Amino acid sequence: MMSQTPTGRSARLEDVAALAGVSLATASKALHNKPRISDDTKQRVLDAARQLNYSPNKLAQSLARGTSGLIGLVTSDLQGRFSTPILIGAENELRAQSTSVLLANARGDVALERQHVEKLLSLKVDGLLIVQRETNPRPSLGQDWGVPLVYVYGPSTNTDDCSVTCDNVDAGRMAVNHLISCGRRHIAIIGGDETYTAATDRTKGALEALAELGIQPAGPVRYGKWEEGWGRAATRLLLDQGVKFDAVVCQSDQLARGCIDVLKQQGLAIPDDVAVIGHDNWSVLTSGSRPSLTSIDNETEAIGRRAARYLMDAIDGNPHHGVDYVPCRLIQRESTLPLD
């Protein structure tokens, strides 16, 4: 509970200064660990701050235990559709623990990323979150930095590191099982860019779910760009080759929008004739689609929160190791209603 002064109000900086017998400027410098203040004076100010429980952002407590109350966050994509909610989730979690975030944008440049890490360490951060724009595994930055690192979205290839990402294999299973529950049995798969593990992992999960039911995918699994144009082209291939299908798993919402465009041009009704499911839960596409698009959410904000918690655990001496896969979440809309 916050200590109060004899007047009944919460303690302020001037109360700390008065109790320590120093000026306001000296009290502020001591609490901010500035140079040219004797150890005795600094300790007197910290003792006064503790006695009055003066710590609006836990700064005095952080200094007393040798930490700064600062976390560095290096992202490869500051304005990315996936990076932004990760940053929000991490910042919300850290703010709840009165920890401040210093943000740096590496813009996908490996050398710049390392420079940012070194700069943030020079600012005495207690730990680092390393955020990638995609889920492809990435090389470790090593473990000789003196503070813990947690890799977010793009997991480290070193199992001694701590990484948090989404479970794309389970997302593939989730998509197929949902379509099965809607009464579909002839399920086609339109893949994204095969160089992304998000695409191959989602395919792996989808094929495993189909195999467990003794079902083959409708037509071949084809990969292409994460764009509406590929969604349209892949759907035309299915139709032109006479593939029988009553549902399509599209590995992104953009692919799903392209797929739906072609199906409607061919006079097919969604979901009556063909059910379509996307991935990413990108509201611009899911709500703007006609019918509204069922999609799978990567839970990126939850990934950010969990990564921040793991980093704080490591700072407190309880590190996590390996990759933690956060389950995705399916949001059903009109494009996959069950058959009557």
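Residues numbered from 1 in each chain as written. Predicted model: local features only at pLDDT ≥ 70, side-chain atom pairs only at ≥ 80, totals over all residues. Heavy atoms only, no water.

Named according to an unreviewed UniProt entry, the protein chain is Transcriptional regulator originating from Bifidobacterium imperatoris.

## Notes on the sheet that holds strand 5 (residues 162-166)
Overall, parallel pairing links the six strands, which are arranged 2-1-3-4-5-11 in an open sheet. Each edge of the open sheet carries a strand with a single partner, namely strand 2 (100-105) and strand 11 (322-326). Going across the sheet, the axis of each strand differs from the next one's by a mean of 20 degrees, ignoring polarity. In terms of strand pairing, strand 3 (residues 128-131) meets strand 4 (residues 149-152) through four bridges, oriented parallel. Across the sheet, Leu128 pairs through a bridge with Leu149, a residue of strand 4. Against the sheet, helix 12 (residues 300-315) makes contact with strand 1 (70-75), strand 3, strand 4, strand 5 and strand 11, and its axis sits at roughly 170 degrees relative to strand 5, the strand it touches most. (Pairing = 2+ DSSP bridges. Helix = DSSP H or I, 4+ residues; strand = E, 2+ residues; numbered from the N terminus. Axes fitted to C-alpha atoms, helices over the stretch in contact; angles between N-to-C directions. Contact = heavy atoms within 4.5 Å.)

## Concerning the domain arrangement of the protein chain
Note on interface size: it is often stated as the accessible area lost on association of the parts. Parsing the protein chain into structural domains produces domain 1 (10-46), domain 2 (68-166 + 299-327) and domain 3 (168-298). Each of domain 1 and domain 2 has a C-alpha centre, and these two points are 33 Å apart. (Domains from an automatic or database assignment.)

## Observations regarding the pairing of strand 2
In this structure, strand 1 lies alongside strand 2, joined through six bridges in parallel fashion. Following the sheet pairing, Gly72 is matched in strand 2 by Leu102. One crossover worth recording links strand 1 to the parallel strand 2 by way of helix 5 (residues 83-96), and it is right-handed. (Right-handed = clockwise from strand over helix to strand, strands pointing away.)

## A short note on the nonpolar core
Counting 40 residues, the largest nonpolar core has Leu129, Val150, Val152, Val176, Ile187 and Val249 as the members making the most contacts within it. Split by domain, the residues of this core number at least three in each of domain 2 (68-166 + 299-327) and domain 3 (168-298). Residues within four places of Ile187 in sequence aside, it is in contact with Val176, Leu179, Ile180, Leu210, Pro217, Ala218, Asp246, Ala247 and Val249. Judged by nonpolar contacts, the second largest core, of 21 residues, contains Ala218, Ile260, Leu263 and Val274. (Core = buried A, V, L, I, M, F, W, Y, C linked by side-chain atoms within 4.5 Å. Buried < 20%, exposed > 50% of the residue type's maximum accessible area, 1.4 Å probe, protein only.)

## Some details on the packing of helix 9 (residues 228-240) against helix 10 (residues 253-265)
Between two packed helices, the angle of one axis relative to the other and the distance separating the axes together describe the packing. Taken N-terminus to C-terminus, the directions of helix 9 and helix 10 make an angle of 45 degrees; their axes are 7 Å apart at the nearest point. Judged by the inter-axis angle, helix 9 sits oblique to helix 10. As helix 9 packs across helix 10, the resulting crossing turns out to be right-handed. Note on element contacts: helix 10 touches helix 9 through Gln254, Leu255, Arg257, Gly258, Cys259, Asp261, Val262 and Leu263, opposite Glu228, Trp230, Gly231, Arg232, Thr235, Arg236 and Leu239. Residues of the contact of helix 9 with helix 10, tallied by class, amount to six nonpolar, four polar and five charged. (Parallel < 35°, antiparallel > 145°, perpendicular 65-115°, else oblique. Left-handed = near helix turned anticlockwise from the far one by under 90°. Nonpolar A, V, L, I, M, F, W, Y, C, P; charged D, E, K, R; others polar.)

## Points about the sheet that holds strand 8 (residues 247-250)
Spatial strand order, 7-6-8-9: four strands in an open sheet with parallel pairing. At either margin of the open sheet sits one strand with a lone partner, and together these are strand 7 (222-223) and strand 9 (275-277). Across two bridges, the pairing between strand 6 (residues 187-191) and strand 7 is parallel. Bridged to Gly191 within strand 7 is Tyr223. The sheet strands contacting helix 7 (residues 168-181) are strand 6, strand 8 and strand 9, and the helix crosses strand 8 at an angle near 160 degrees. Each of strand 6 and strand 7 touches helix 9; the most contacted strand, strand 6, lies at about 145 degrees to it.

## Some details on helix 5
With 14 residues, helix 5 extends 20 Å from end C-alpha to end C-alpha; this agrees with the ideal 20 Å at 1.5 Å per step. Within the span of helix 5, buried status applies to Ser83, Pro85, Ile86, Leu87, Gly89, Ala90, Glu93 and Leu94. Among the structural elements, strand 1, strand 2, strand 3, strand 4 and helix 12 are those in contact with the buried residues of helix 5. Once helix 5 finishes, Ser98 follows within two positions and takes phi at roughly 55 degrees, a positive value. (Expected span 1.5 Å × (residues − 1).)

## Observations concerning the pattern of salt bridges
As enumerated under the stated definition, the model contains 13 salt bridges in all. In this structure, Arg306 engages Asp324 in a salt bridge whose closest nitrogen and oxygen atoms are separated by 3.0 Å. Within this pair, whereas Arg306 is found in helix 12, its partner Asp324 is found in strand 11, the two being separated by 18 residues in sequence. Each of Arg173, Lys204, Glu208 and Glu212 takes part in one network of salt bridges that share partners. (Salt bridge = Lys/Arg side-chain N within 4 Å of Asp/Glu carboxyl O.)

## Comments concerning the side chain of Asp161
Mapped onto the elements, Asp161 comes out in the loop between strand 4 and strand 5. Of the side chains bearing the opposite charge, Arg138 lies closest to the buried Asp161, which forms no salt bridge; the N-O distance is 7.5 Å. Those residues in contact with Asp161 that sit more than four places away from it in its chain are Ser140, Gln143, Tyr151, Ser156, His320, His321 and Gly322. (Lys, Arg positive; Asp, Glu negative; His and termini not counted.)

## Points about the state of the cysteines
Applying the stated criterion to the full structure yields zero disulfides. The thiol sulfur of Cys162 is not disulfide-bonded, and the nearest other cysteine sulfur, from Cys166, lies at 15 Å. No disulfide involves Cys259; its sulfur sits 4.2 Å from that of Cys250, the nearest cysteine. For Cys259, a relative accessible area of 0% translates into the label buried. (Disulfide = S-S within 2.5 Å.)

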